[in-house]
Amino acid sequence: MANIWETAVKAGNFNTLIKAAEAAQIIDTLQSSDFFTLFAPTDEAFAQLPQGTLEELLQNIAKLRKIVAYHVTYGDVRSDDLVQIEEAETLEGSVLAIESANGDIRVNDAHVLQTDILADNGVIHVIDAVLIPAMVAGH
C-alpha cells in the first residue's frame, strides 16, 4: 500500500488539493510514519470556492497552510469511528464537527462522499466542500 500522499496523488480527483498541499509544504506530514486522516475535497469542491479564492490562497502560504492542515486529523479515523465521534482535532489546531445521521456523515458543512480509502499511514475520506477554519474565514 502507499502512504496518504501517494494514495491521494494516484486517485486522480484531488489535483487542486495536491497543488495546495505542495504549496503549503504539508507533504512531509502526509508521507510520515505517523497516522493521520485526510478529509480530501475533490477538484469539484475547490471549483465551488468564490472566484479568485484559490489564486489568493496560493499567494498567501501561511493562510493556505492553515486551510490544508484543517483537513488533516490525528490518527487513523475510519468510517465506523466517524459515526461514533462528534469532533476531531485537526493539524491546524481547531476542531472539526463530525455529524452522522441516516448513513450520511458530515464534517462541518461538507458531506462525506466516500469513506475509508486506506493508506499505510492512515485513511482518506472524500468530501464535497473545502473546509475553512473559523480563524481564516474571519479574516
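All residue numbers refer to positions counted from 1 along the written sequence of the respective chain. The predicted nature of this model means local features are confined to residues of pLDDT at least 70 and side-chain atom pairs, given and counted, to a pLDDT of 80 or more, with totals for whole chains, interfaces and linings taken over all residues. The side-chain values count all of the structure's non-hydrogen atoms but skip hydrogen atoms and water molecules.

S.K.: How should I be thinking about the packing of helix α2 (residues 15–23) against helix α6 (residues 61–69) in this particular structure?
M.R.: Packed helices, taken two at a time, are described by their axes: the angle between them and the distance between them. Packing of α2 against α6 brings their axes to within 9 Å, and their N-to-C directions diverge by 125°. One way to sum up the angle between α2 and α6 is to call them oblique. Seen from above, α2 lies across α6 with left-handed handedness. For the pair α2 and α6, the contacting residues are Ala 20, Ala 21 and Ala 23 in the first and Ile 61, Leu 64 and Val 68 in the second. Considering only residue class, the contact of α2 with α6 consists of 6 nonpolar, no polar and no charged. For every element, the axis is a line fit to its C-alpha atoms; helices are fit only across the contacting stretch, and the angle between N-to-C directions ranges from 0 to 180 degrees. Secondary structure elements are defined from DSSP: runs of H or I of at least 4 residues count as helices, runs of E of at least 2 residues count as strands, and each element is numbered from the N terminus. Angle categories: roughly parallel below 35 degrees, roughly antiparallel above 145, roughly perpendicular from 65 to 115, and oblique for all the rest. For any helix crossing, the convention is left-handed if the near helix is rotated counterclockwise from the far helix by under a right angle, and right-handed if that rotation is clockwise. Residues are treated as being in contact if the distance between any of their heavy atoms lies within 4.5 Å. Residue polarity follows a fixed list, in which Ala, Val, Leu, Ile, Met, Phe, Trp, Tyr, Cys and Pro are nonpolar, Asp, Glu, Lys and Arg are charged, and the others, Gly among them, are polar.

S.K.: What am I meant to see in the side chain of Thr 37 here?
M.R.: Along the chain, the position of Thr 37 falls in strand β1 (residues 36–41). According to the relative accessible area criterion, Thr 37 is buried, its value standing at 0%. A 3.5 Å cut-off defines polar contacts: any pair of N or O atoms within that distance qualifies, except that in protein one atom must be a possible hydrogen donor and the other a possible acceptor, and neighbouring residues in sequence count only when both atoms are side-chain atoms. Of the polar contacts made by the side chain of Thr 37, one reaches the backbone oxygen of Gly 75; its length is 2.7 Å. Beyond its immediate sequence surroundings of up to four residues, Thr 37 is in contact with His 71, Val 72, Thr 73, Gly 75, Asp 76, Val 77, Val 123 and His 125. A 1.4 Å probe rolled over the protein chains alone gives each residue an accessible area, and that area as a share of the maximum for its type sets the label: buried under 20%, exposed over 50%, partly exposed in between.

S.K.: What exactly am I supposed to notice about the sheet that holds strand β4 (residues 95–101) here?
M.R.: The strands that make up a sheet are held in pairs by hydrogen bonds between backbone atoms, and each pair lies either parallel or antiparallel. Being paired, for any two strands, means DSSP has found at least two bridges between them. Spatial ordering of the open sheet is given by β2-β1-β7-β6-β5-β4-β3, a layout of 7 strands whose pairing is mixed. The open sheet is flanked by β2 (72–74) and β3 (87–89), the only strands paired with a single partner. Direction aside, neighbouring strands of the sheet carry axes that sit 30° apart on average. Bridging between strand β5 (residues 104–107) and strand β6 (residues 110–119) involves 2 bridges; their strand directions are antiparallel. When the bridges of β6 are listed, Val 107 appears paired with Ala 110.

S.K.: Sorry if this is basic, but what is going on with the pairing of β4 here?
M.R.: Regular strands place side chains that alternate from one sheet face to the opposite one. Relative to β4, β3 runs antiparallel, the two being bridged by 3 bridges. Bridge assignment links Glu 87 to a residue of β4, and that residue is Ala 97. Taking the residues that link successive antiparallel strands as the turn, the β3-β4 hairpin has 5 residues, and the phi of Gly 93 there is positive, at about 115°. Bridge analysis of β4 against β5 gives 4 bridges, and the strand direction is antiparallel. Bridge pairing in β5 links Ala 101 to Asp 104. Linkage of β4 to β5, two consecutive antiparallel strands, is achieved through a turn of 2 residues, within which Asn 102 is found at a positive phi near 50°.

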